[in-house]
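Coordinate analysis (summary)
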Amino acid sequence: MSAAAHGHDHDDLVFHQFEDLPQQRESYIVGMWAFLVTEVMFFGGLFLAYILYRMKYQPYFFEIHKELNIGLGGLNTVVLLFSSFAMAMAVYSHQMKRKKPTLGWLTVVQLCAAAFLFIKLVFEWSHKIHVGHVPWAFQWNEPGVPPEIAKLFFSMYFGMTGLHGLHVLIGMIIIGALQYLIWKDAYSVKDYIPTEMIGLYWHFVDIVWIFLFPLFYLMPQ
Amino acid sequence: MSATVVTPGEAVQAPEPESSSVNYLNVSHTLRSWLLTGDHKRIAVLYLISVTFFFFLGSIAASLVRIELMSPNGLMMESETYNKMFSAHGIIMIFFFLIPSIPAIFGNFLIPIMIGARDLAFPRLNLASWYMYMIAGVLVLMSFLMGGVESGWTFYTPYSSLTTSQVTLCLIGLFIMGFSSIATGLNFIVTIHKMRAPGMTWDRLPLFVWAHYATSIIIILGTPVVAITLLLVVMERMFDIGVFNPANGGDPVLFQHMFWFYSHPAVYIMVLPGMGVISELISNFSQKRTFGYHMIAYSSLAIALLGFLVWGHHMFVAGQSMYQGVVFSLLSFILAVPSAIKVFNWTATIYKGQVRLQTPMVYALGFLGLFLIGGLTGLYLACLATDVHLTATYFIVAHFHYVMVGGAMVAFLGALHYWWPKMFGRMYPDSWGKMSALLVFVGFNLTFFPQFVMGYMGMPRRYHYYYFAPEFQPYHIASTLGSSVLAVGLILPALYLTWSLKYGKKVGPNPWNARGLEWETASPPITTNFEQIPIVEHEAYDFDHGPIDDTWDEESPIRAHEVKR
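Residues numbered from 1 in each chain as written. Chains lettered and ligands numbered in written order. Predicted model: local features only at pLDDT ≥ 70, side-chain atom pairs only at ≥ 80, totals over all residues.

1. A short note on the overall build of chain B
To be explicit about the condition: Helix and strand definitions follow DSSP, with helices as H or I runs of at least four residues and strands as E runs of at least two, each counted in order from the N terminus. Atoms counted for the radius of gyration: C-alpha only. Globule rule: 2.2 Å times residue count to the power 0.38. Exposure classification rests on a simple neighbour count of other C-beta atoms within 10 Å of a residue's own: a residue reaching 20 or more is buried, one at 12 or fewer is exposed, and one in between is partly exposed. C-beta atoms are placed from the backbone. Here contacts are defined at the residue level, using C-beta atoms placed from the backbone and a cut-off of 7 Å between them.
Assigned secondary structure in chain B consists of 15 helices and 2 strands. For 565 residues, the compact-globule estimate of 2.2 N^0.38 gives 24 Å, and the C-alpha radius of gyration of chain B, at 23 Å, lies within 12% of that figure. Projected onto its principal axes, the C-alpha positions of chain B cover 70 × 50 × 45 Å. The buried share of chain B, taken over its 565 residues, is 56%. Within chain B, contacts between residues separated by at least 24 positions form 84% of all contacts whose residues are at least 6 apart in sequence.

2. Thoughts on the interface of chain B and chain A
Interface extent is often summarised as the accessible area lost during association of the parts. To keep it simple, the criterion reads: Residue classes follow a fixed rule: Ala, Val, Leu, Ile, Met, Phe, Trp, Tyr, Cys and Pro count as nonpolar, while Asp, Glu, Lys and Arg count as charged, and any other residue, Gly among them, counts as polar.
If you look at the interface, chain B gives 39 residues, while chain A gives 33 residues. Contributing elements (two or more residues each) for the side of chain B that touches chain A: α6 (167-194), α7 (207-239) and α8 (252-285) of chain B. Considering each element in turn, the side of chain B that touches chain A owes the most residues, 9 residues, to α7(B). Classifying every residue of the side of chain B that touches chain A by side-chain character gives 26 nonpolar, 8 polar and 5 charged.

3. Concerning the packing of helix α2 (residues 40-68) of chain B against helix α3 (residues 79-114) of chain B
Residues and elements named next belong to chain B. Our working rule: With axes taken as lines fitted to C-alpha atoms, and helix axes fitted only over the stretch in contact, angles between N-to-C directions fall between 0 and 180 degrees. The labels follow the angle: roughly parallel below 35 degrees, roughly antiparallel above 145, roughly perpendicular from 65 to 115, and oblique for the rest. It is the rotation of the near helix from the far one that decides the hand of a crossing: anticlockwise by less than a right angle makes it left-handed, clockwise makes it right-handed.
The geometry of α2 relative to α3 is characterised by a closest axis approach of 8 Å and an angle of 155° between their N-to-C directions. Classified by the angle between their axes, α2 and α3 sit roughly antiparallel to one another. Relative to α3, the crossing made by α2 is left-handed. For the contact of α2 with α3, the residue count by class is 25 nonpolar, 5 polar and 2 charged.

4. A closer look at the packing of helix α11 (residues 359-382) of chain B against helix α13 (residues 394-424) of chain B
To describe two helices that pack against each other, one gives the angle between their axes and the distance between the axes. All names here are of chain B. At a minimum axis separation of 8 Å, α11 and α13 run at an interaxial angle of 160°. When the axes of α11 and α13 are compared, the pair comes out roughly antiparallel. Judged by the twist between their axes, the crossing of α11 over α13 is left-handed. When the residues that make up the contact of α11 with α13 are grouped by side-chain class, the tally is 15 nonpolar, 11 polar and no charged.

5. So, unusual backbone geometry
Of the consecutive residues B:T157 and B:P158, the connecting peptide bond is found in the cis state with omega at 0°. Secondary-structure assignment places B:P158 in the loop between α4 (123-145) and α5 (159-162). Residue B:P524 follows B:S523 across a cis peptide bond; omega there is -10°. In this structure, B:P524 sits in the segment after β2 (505-506). A positive phi angle, near 60°, is found at A:K97, a position not held by glycine. Mapped onto the fold, A:K97 is located in the loop between α2 (70-95) and α3 (99-130). Under the C-beta neighbour-count criterion, A:K97 is labelled exposed, with 10 such atoms within 10 Å. Of note in the backbone geometry, B:Q287 takes a positive phi value of approximately 50° without being a glycine. By secondary structure assignment, the location of B:Q287 is in the loop between α8 and α9 (293-306).

Spelled out as C-alpha cells, the structure:
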C-alpha cells in the first residue's frame, strides 16, 4: 500500500501520522539530532575515561604515544575531512533533486570511508597487533614505562578507534543502502531528508575522529 | 468497512463515520497484525503483556529471597544461589519492569492521544523498541538459565569482570535493552516537540506529558553512558582490556562513577512518569484544576537536570574525595526540593476538591504516603554522617523500595486502573480494585517498614544468613508475611482485570468525568485516535468549563459516585 492511498489531505510523501511535509521533515531532523545526542554521550563515556587516565599517567602516555604513526593518522584525518565535504555536496545535490551528482558524491564518500578503514586496519592496526599491542596478547619491553599503563593506553586506543571504525563501517552500509534506493528511484528517498539525516550522522563520525586524532596522536610532552 | 491495519511507515485510510464500533483492538485480528503493527496503542498492549510477564518473574525471585530469609540460617538455598536470586530480582525488576513500565505502556498509549496526534513520530522505531525489549529479555533470561549472574544488578567491577558466571550474556542483553529505552525516549521527545495539535501549547500540556518529556531527556542523556560502561565490562571480560581492572592499570571506582551517572538518573526515569500519573489522578479525582501547574511541570525538568548531578552519593564510602562527598551531599539535599514542590502541590490540589475515592485515587493517595516516606528517608542517606552508618544495610533496601515500589509501582497500578477502561473499553469492579489497592498498601508497609528498623540496627543487605544476629529474625518474618499480603494484592488485579476484558461493564468515552483529550475520543480509541485532529481551546484540567463529554454510560457503576455534575 502506498502512502498515496490514504485519506488525509496532504501530499503523497507524508506518512499518515504527520499533517504535512514540513512537520515530517522537522520531526526527522529533530529525531536525528536527538540520536546524535545519544551518540555524543556514548562516546563521551569513553572520552571521560581516556582523559582521566591521561591526566593521571601523562608522562607515560607521552612515551607510549610515540608508538603511533602521526603520518598515517594525519592522512586519515585529511581523508575523512574530504569525505565530509563530499557528503555535504551529496546532500546539496539531493536538495537540488539531481540524481547523478548525488550518487556520484555518495560514491566519493564511500571511497574515502574505505580508504580510511584500509589505512587504519592494514597499515596501523595490523602492525600493532604484530608487535603485540593488542590487550589480549599484550607484550611490552620498553623500560621506564610500566606494562600495565601501556596496556591501558592501548586498551583505550583499540577501544576508541575500534568503536569509531565500527561507526565508519555502519555508515558505509547505510550509505550503500541509500545509494541503492536512490538508484532505484525508491519512494522513500524521493524527499532529500534521508540523505540529510545520513549526512548528519557522517559529519558526527568525522567529528569524533577530529577529537580522537589530537587526543591520541598529537600529545604534548 | 474494510479492516485497516497500520503497518509501520505505511499510510492508513481515514476511518469512515459509521465506524464507531471499530476500534484499534478489533480492527483486525490476525497475530501478524499485532506483531507487525505500527499503532502506538497496539505496541502499548504488547508492552503491557510482556512487562507484566517480567514483573511476575521478578516477583517470584523476590518471594524466594523473602522465604529464604525467614530463618537466620537460611532455608533452602546455597549462598551462591541466593546471590543469583537477588541479582535476578534486581535486574528483572529494574531493567524490565520499572524502566519501561509506565513510559512504554502508558506513555506509548497516551502521549499521542493527549497531545492530539494520530501516532508517535516514528511508528517503526516504536515497534523496533518492543522487539529489542523482547530480545534483551530472552538474552537475560538465557543468562539466568545458563548459570545465572551473582554480581547484583549493579555489576560492580572488578568482581563482575572476573566472575565466571554469565555476566557477559546478561550485559549484552542489557545493552540491547538500553537501545529499546533510547528508542522510546527519542520518539517521545520528537512527538512532544513536533506533533502537538493546534492550540496544544506547552502551557496546556497535561502534566503526564511534561513528566514524560523530562523522563525522555534523562533517557537519551543517561542511557548511552551506561551502555558504553557495560560494553567496557564486556570487552574487559572478552578481550582483557584494562579500563576498570587495577591489574591492567584501570580504576574500579571509575566504573561506579560511570554506572551511577546513569543509574541515579534512572531512578527518575522510573519515578518521574509515576509522578506524571499521580498529577493526572489527583486533579481528575479531586475534580479540580491542579494547583501550581507550572511548578509541577518545571519541577519535573528540575529533577531531570539535578538528577544528573548527584550520582556521587552512592559512593560516599567507596573512596571518593571527602570534598566530592560534601558537594554531592549538598546537591542531593537540593534535589529533594522539586520533589517536595510536587507533593505540596498535589496536597493543595486535593484541598477543597470534590474527592472521589475510586480505585485509581486510592492508589494515588497510597503513592503520596509511600513516596513521602521514601523521599524523607533518602535524606538520611544523602547526609554524609548518617550514610556511613546506614550504607549497605537494610535501611537502604527499604528506602529504595519505598521509592521504586511504593512510588513507581503503585503509580503504575494507579495508571492501570485509571486508563484501563480507555484502553479496553470495559470497567473492572471498583470494590475489588479498592480492596486490592488497600492490600498493596498494607502489605507493602508490612514488608518494608521492618527493614528500616533492622537496617538501622545494623542488618547488612545482600547477606544470605544472619545466624550471627538472630535478633533480626522477627523483622524478617514480618517482612516475609507482608510480602505475601503484597502478593495477594498484586494477583487480584491480574485476575479481575483479565475478567473485565470479557465481562466488565462497557463504558463510554469518559467514565471518570475527567479532563484531557484522551477522554474525548472513544473507549477504546479508533486506530487514528481521533476522527479529525482536535483543536485545543482550554488549558489542562479545566474543570471550570463543565464536562467536555456528557455521553457516559448510564449503567456505569461510576455513576453512583457522581455527587455533583
